[in-house]
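Summary of structural features
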Amino acid sequence: MSRSAQLLSHAMTLLETNHDAWCCLEGALTLLRGYLRESAANAAASADVRQRGLARWQSRAAIEYINANLASKLTLAQIARVVYLSQSHCSRAFKISHGVSPWAYIIMARVERAKYMIRATREPLCQIASACGFADQAHLCNAFRRRVGVSPGIWRRAHLEVCAMDKGKGDANLWSLAHSGNAEPL
């Protein structure tokens, strides 16, 4: 039986771009895994069947879904449905593929969108927070400070100074303007 599982797993890898075939094989592999788990002797073999992350199409679909829905409340259940996996399998596979959990990726993407909006618009931070999916401005500030090293207000002022200096007097560095050892340079 373990040879069958290996063959199915290999076929799934080869068919990553064919969504329908992949779903059929995933279902067959799930049934086979259930059968293998019944036997204590085969438990170790079934654990090794598929220890990789998301297929390329699943990874793309998950990231596209997250980016398209950053402003709304995202759940693991929604992302798992997009990639046709259980929530626990989706979370584990996402972390293997992207190096962070789905939730950590969502926060990083929201902070990146906030950075873009802070640079590109003059909207108040409370509106930017709402547009990026944060509960409120304080939530944005906490997440922003954790990821970037400075508050969004300081980051905005530093960026405005950089833009003004670039136009007239030469280059300036966000790192030195923010006066923070944790800030990331642009």
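For the structure itself, consult the block above.
Residues numbered from 1 in each chain as written. Predicted model: local features only at pLDDT ≥ 70, side-chain atom pairs only at ≥ 80, totals over all residues. Heavy atoms only, no water.

Regarding the overall build of the protein
Per the secondary structure count, the protein includes eleven helices and zero strands. Counting only residues that meet the buried cut, the protein has 39% of its 186 residues in that class. In the protein, the proportion of contacts linking residues at least 24 apart, taken out of those at least 6 apart, comes to 55%. (Helix = DSSP H or I, 4+ residues; strand = E, 2+ residues; numbered from the N terminus. Buried < 20%, exposed > 50% of the residue type's maximum accessible area, 1.4 Å probe, protein only. Contact = heavy atoms within 4.5 Å.)

Section: the packing of helix 4 (residues 56-68) against helix 7 (residues 102-120)
How two helices pack is summed up by the angle between their axes together with the distance between the axes. Look at helix 4 against helix 7: their axes get within 10 Å of each other, and the N-to-C directions meet at 50°. In terms of orientation, helix 4 lies oblique with respect to helix 7. At the point where helix 4 passes helix 7, the crossing takes the right-handed sense. Each of Ile-63, Ile-66 and Asn-67 in helix 4 lies in contact with helix 7, whose residues at this interface are Tyr-105, Ile-106, Ala-109 and Arg-113. (Axes fitted to C-alpha atoms, helices over the stretch in contact; angles between N-to-C directions. Parallel < 35°, antiparallel > 145°, perpendicular 65-115°, else oblique. Left-handed = near helix turned anticlockwise from the far one by under 90°.)

Describing the environment of Ser-130
By the element assignment, Ser-130 lies in helix 8 (residues 125-131). With 16 residues separating them in the primary sequence, Ser-130 and Ala-114 have C-alpha atoms 9.8 Å apart.

Some details on the pattern of salt bridges
Oppositely charged side chains are able to pair whenever their charged atoms sit close together. Scanning all chains against the criterion turns up one salt bridge. In this structure, Lys-115 engages Glu-112 in a salt bridge whose closest nitrogen and oxygen atoms are separated by 3.5 Å. With a gap of three residues between them, Lys-115 and Glu-112 both fall in helix 7, about one helical turn apart. Overall, Lys-115 belongs to the buried group, its relative accessible area being 10%. Given a relative accessible area of 46%, Glu-112 falls into the partly exposed group. (Salt bridge = Lys/Arg side-chain N within 4 Å of Asp/Glu carboxyl O.)

Focus on the packing of aromatic side chains
In this structure the tally under the stated criterion is three aromatic pairs. Their ring planes at 50° and their centres at 6.3 Å tell us that Trp-57 and Tyr-84 sit as a pair that is tilted. Of this pair, Trp-57 sits in helix 4 while Tyr-84 sits in the loop between helix 5 (76-82) and helix 6 (87-98), and the two are 27 residues apart along the sequence. According to the relative accessible area criterion, Trp-57 is buried, its value standing at 11%. When the centroid spacing of 5.8 Å and the interplanar angle of 70° are considered together, the rings of Phe-144 and Trp-155 count as edge-to-face. Placement of Phe-144 in helix 9 (residues 137-148) and of Trp-155 in helix 10 (residues 152-168) is noted, with a sequence separation of eleven residues between them. By relative accessible area, which is 1% here, Trp-155 ends up buried. (Phe/Tyr/Trp six-rings, centres within 6.5 Å; stacked < 30°, edge-to-face > 60°.)

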